[in-house]
Every structure is written in structure tokens, then in C-alpha cells.
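# Tertiary structure, described
Here is what each chain is made of, one letter per residue.
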Amino acid sequence: MNVLHYIQAFFSDGAHWQGYDGIPQRVWEHVQYSAAALAIAAAIGLPIGLITGHTGRGGNTLALVAAAGRALPTFGLLVLMFVWLGLSVLPVMIPLVVLAVPPILVTTYEAVRGVDPAPVDAAQGMGMHPAKILLQVELPVALPLILSGLRSAAIQIVSTATIAAYVSLGGVGRYIVDGLYQRNYEKVIGGATLTAVLALLVLAVFWAVSRVWVSPGVRRRTA
């Protein structure tokens with residue numbers, strides 16, 4: 001039986017669309033974990049990246065922290081948090097947030113630092129407040145690159161949130177873990193396919209967001 005047959009068998013089975021272990025429920029759980037982790041990571045990474053990028057201070061420290069975050073093994077951190085904090089959503093959130101903060105942090109910093117200094121100098125010459133310069137001059141220009149950092153973090157989170165199943169939580173990773181335990185490769189491939197589809201949906205969502213939020217002039221310049 002090849003992969004396509006496994007995929008067809010998984011999605012055509014009516015039992016996989018109903019109940020607590022049904023596809024709608026598992027996808028909803030996965031989306032909840034992923035959205036919560038991305039929101040927390042963005043709340044940490046965006047302000048720090050914007051401020052350090054605007055001031056130009058702390059870039060080396062930021063790069064060091066980001067490198068340290070990337071070096072941490074996500075699964076190992078999950079196991080450590082599970083042993084320390086017990087069975088809850090928190091041990092899953094911490095590794096996902098640690099995974100997502102570095103790309104958001106670094107990309108936001110680089111995006112703001114890369115803004116053309118001419119309009120910034122003009123705004124300063126007009127006496128604009130630094131916060132207004134950041135939000136009204138630098139942020140609109142830096143937005144495409146900032147969104148790319150958020151998109152990268154979101155894809156990493158969606159792909160890695162399957163680890164929630166290893167500590168008895170839900171999400172589409174439940175099919176992968178249970179399928180491996182049961183030697184049910186239809187489930188394993190079905191779970192992997194759902195993860196890939198969710199990652200593609202993330203790409204589509206961020207493409208739509210960029211079309212709405214990024215001004216046409218900036219979009220043409222960064223294309």
C-alpha cells in the first residue's frame with residue numbers, strides 16, 4: 001500500500017471525522033496550541049525587536065539570546081517541562097514559545113534596522129516623537145520582513161506542535177503517536193498529512209495578511 005492509498009483510506013474513513021478523536025476536534029486542538037504559542041512569542045519578540053531595532057542598541061545581546069533559543073532541543077525541553085510542571089498545556093507552550101521567539105526577534109530587529117534612514121531623518125527634523133517615528137515611519141516599511149518572521153515562526157510552531165501528543169495532549173500529533181504505537185501507518189500518514197496541510201494554510205493566511213496590511217508601494221519595493 002503506497003502513501004496515497006494510506007491518505008485516501010485515512011480521510012475516507014467516517015470514524016476519523018467523529019468524536020473526541022475525530023479530525024475536526026484534533027485540528028481545532030492543534031490550532032489552539034499553535035495560535036496561543038504564536039501569540040505569546042509575538043508578544044515577547046515584537047516589542048523587543050522593534051525597540052532594539054529603532055534604537056540600534058542591544059543587537060549583539062539580542063543575537064546571542066536568539067542563538068541560545070535556537071540551540072535548545074524542543075523535545076528535550078518538553079520532557080523537562082513535563083517532569084517539572086506535570087500534565088498540562090504549559091509544558092507544551094514553553095518549548096513552542098522558545099522555538100518561535102528567535103525568528104520573530106531577529107527578523108523584527110533586522111527589518112527596522114534596514115529601513116531607509118532618509119525618511120527617518122526627515123521625521124526627526126520635523127520634530128516627530130520617537131514612538132511616532134517607529135510606528136508611523138519605520139514600521140510600515142519594515143512590515144513585510146516582520147511578517148516573514150512571524151510566518152516562519154508560525155510554520156515552525158504548527159510543524160512542532162505535534163509534540164503535544166507525547167505528553168498525552170491532543171492535536172493532530174495524536175494520530176502520529178498513536179499510529180506508531182499501534183503500528184497503524186494509515187494514522188501516522190494521516191496525521192503527517194494534516195500537519196502539512198496546516199502549514200500550507202499558514203502560508204496562505206500570511207499571504208492574505210500581507211496583501212491587506214502591507215501598502216502597495218512597499219509591497220512592490222520588496223517584491
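Just so it is clear, the model here is predicted, and its values are computed rather than measured. (Residues numbered from 1 in each chain as written. Predicted model: local features only at pLDDT ≥ 70, side-chain atom pairs only at ≥ 80, totals over all residues. Heavy atoms only, no water.)

### Some remarks on the pattern of salt bridges
This is how it is decided: By convention in these notes, a salt bridge is any Lys or Arg side-chain nitrogen within 4 Å of a carboxyl oxygen on Asp or Glu. Strands here are runs of E lasting at least two residues and helices are runs of H or I lasting at least four, both read from the DSSP assignment and numbered beginning at the N terminus. Only protein chains enter the accessibility calculation, which uses a 1.4 Å probe. A residue is then buried if its area is under 20% of the maximum for its type, exposed if over 50%, and partly exposed in between.
Within this structure, the stated rule accounts for four salt bridges. Measuring nitrogen to oxygen at the nearest pair gives 3.9 Å for the salt bridge that ties D21 to K187. One end of the pair, D21, is in the loop between α1 (3-12) and α2 (23-55); the other, K187, is in helix α9 (residues 185-213), and 166 residues separate them in sequence. Here D21 falls in the buried class, since its relative accessible area comes to 19%. Between D178 and R174 there is a salt bridge whose closest N-O contact spans 3.1 Å. With D178 and R174 both in helix α8 (residues 173-182), this residue pair falls four residues apart, about one helical turn. You'll find D178 and R174 in the same group, each marked buried. Here the residues in one salt-bridge network are D21, R26, E29 and K187, joined through shared partners.

### A look at the packing of helix α5 (residues 90-113) against helix α7 (residues 130-160)
To be explicit about the condition: Inter-axis angles, ranging from 0 to 180 degrees, are taken between N-to-C directions of lines fitted to C-alpha atoms, where helices are fitted over the stretch in contact. Under this scheme an angle from 65 to 115 degrees is roughly perpendicular, one under 35 degrees roughly parallel, and one over 145 degrees roughly antiparallel; angles in between are oblique. Crossing handedness is read from the near helix: turned anticlockwise from the far helix by less than a right angle, it gives a left-handed crossing, and turned clockwise, a right-handed one. Charged residues are taken to be Asp, Glu, Lys and Arg, nonpolar residues to be Ala, Val, Leu, Ile, Met, Phe, Trp, Tyr, Cys and Pro, and polar residues to be all remaining types, Gly included.
One way to put it is that α5 packs onto α7 with a least axis distance of 8 Å and a crossing angle of 155°. Considering the angle they form, α5 stands roughly antiparallel to α7. Read as a crossing pair, α5 and α7 show a hand that is right-handed. When grouped by side-chain class, the residues that make up the contact of α5 with α7 number 14 nonpolar, seven polar and two charged.

### Here we look at the packing of aromatic side chains
We count it as follows: Only Phe, Tyr and Trp rings are paired, with Trp represented by its six-membered ring, and only when their centres lie within 6.5 Å; those with planes under 30 degrees apart are stacked, over 60 edge-to-face, the remainder tilted.
Under the criterion given, the structure shown has three aromatic pairs. For the pair F10 and F11, a centre-to-centre distance of 5.0 Å together with 90° between the ring planes defines the contact as edge-to-face. With centroids separated by 5.2 Å and ring planes inclined at 80°, the aromatic side chains of F10 and Y175 adopt a geometry described as edge-to-face. Here F10, found in helix α1, pairs with Y175, found in helix α8; they are 165 residues apart in sequence, far enough to count as distant.

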